[in-house]
Amino acid sequence: MIRAFVALPLPDPVRQQLNLLQHLLPLPRRLPPENLHLTLAFLGEVPSDLLEDGHHALAALRAPGFTLTLRGVEAFGAAAPRLVYAGVAPSEPLLHLHRKVITALRGAGLAPDRRRFTPHVTLARLDPQRLAEADRLRLVSAMVENAGFAAGPFTVDAFALYRSHLGRDAAHYEELARYPLVAAHA
Ligand code: ATP
Ligand code: MG
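Calculation notes
Residues numbered from 1 in each chain as written. Chains lettered and ligands numbered in written order. Predicted model: local features only at pLDDT ≥ 70, side-chain atom pairs only at ≥ 80, totals over all residues. Heavy atoms only, no water. Near = heavy atom within 4 Å. Polar contact = N/O pair within 3.5 Å; in protein donor to acceptor, adjacent residues only side chain to side chain. Areas by Shrake-Rupley, 256 points an atom, 1.4 Å probe, with all protein chains shown as cover. Helix = DSSP H or I, 4+ residues; strand = E, 2+ residues; numbered from the N terminus. Nonpolar A, V, L, I, M, F, W, Y, C, P; charged D, E, K, R; others polar. Salt bridge = Lys/Arg side-chain N within 4 Å of Asp/Glu carboxyl O. Buried < 20%, exposed > 50% of the residue type's maximum accessible area, 1.4 Å probe, protein only.

Participant: Help me out: how do you make sense of the site of ligand 1 in this one?
Facilitator: If you check the shell around ligand 1, you find Arg-3, Phe-5, His-37, Thr-39, Phe-42, Asp-113, Arg-115, Arg-125, Ser-164, Leu-166, Ala-171 and Tyr-173 and nothing else. At 2.7 Å from an oxygen atom of ligand 1 is found a side-chain nitrogen or oxygen belonging to Arg-3. Between Arg-125 and ligand 1, the recorded distance is 2.9 Å, taken from a side-chain N or O atom to an oxygen atom. Summarising the interface, the protein chains cover 75% of the accessible area of ligand 1, which totals 600 Å² for the free molecule. Put simply, the parts of the chain that give the shell around ligand 1 at least two residues each are β1 (2-9) and β2 (37-46). Per element, the largest residue contribution to the shell around ligand 1 is 3 residues, and it comes from β2. Tallied by class, the residues present in the shell around ligand 1 amount to 5 nonpolar, 3 polar and 4 charged.

Participant: When you look at the pattern of salt bridges in this model, what are you seeing that I'm missing?
Facilitator: Between side chains of opposite charge, a pair can form as their charged atoms come close. Summed over the entire model, instances satisfying the criterion amount to 7 salt bridges. In this structure, Glu-92 engages Arg-99 in a salt bridge whose closest nitrogen and oxygen atoms are separated by 3.4 Å. The partly exposed category is assigned to Arg-99, whose relative accessible area is 45%. The salt bridge involving Asp-113 is made with Arg-115; its shortest N-O contact spans 3.4 Å.

Participant: Would you explain unusual backbone geometry in this entry?
Facilitator: Most peptide bonds take the trans form, and the phi angle of most residues other than glycine is negative. Here the residue pair Gly-152 and Pro-153 is connected by a cis peptide bond, since its omega of 5 degrees sits within 30 degrees of zero. In this fold, Pro-153 is placed in strand β6 (residues 150-156).

In structure tokens, the structure reads:
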């Protein structure tokens, strides 16, 4: 079984900006900068032959490239943040790509996560149980202070299939395949 997900890789300068943002926030644990990405579909543990089928479906997918802007700092888990992320400025082409990826994966017999798509770039995961009230308040005010965060617009010209190797500290992502998007002005 292979733990896999589909995501947009982010350009180095954007990851550098995100890394800076990570350090402006009092976070107990941060995603390593090389792990920063925008998840399109989480597949979980899948048999390798099924993943191979998914790969062929993704390789056959045609969607236009686009530009994307990251904007704002938010959290899932309003009262008790469990995941802090950089937001994504509304993007119709991103939603279009997401739909195409989901359709392609389902067509190949895979069952991508069905939760509503909230585009985000995870900066840190937290254990709300272990977050003292004072630390939570410090985090929330730092998020408010950095609410004006923006990165981009940057070009999205490909998406990728990743294998996730879970580790004790951080997961390690291995890029299995990269799928070019059609040039925006072609
Ligand atoms: P760790 O779980 O050790 O913190 P990780 O979350 O970075 O590491 P994975 O759990 O393999 O590694 O997740 C890979 C990607 O898929 C991440 O973007 C993660 O947020 C997303 N993801 C993981 N589980 C789900 C899920 N159940 N539904 C939607 N997305 C998920
Ligand atoms: Mg995880």
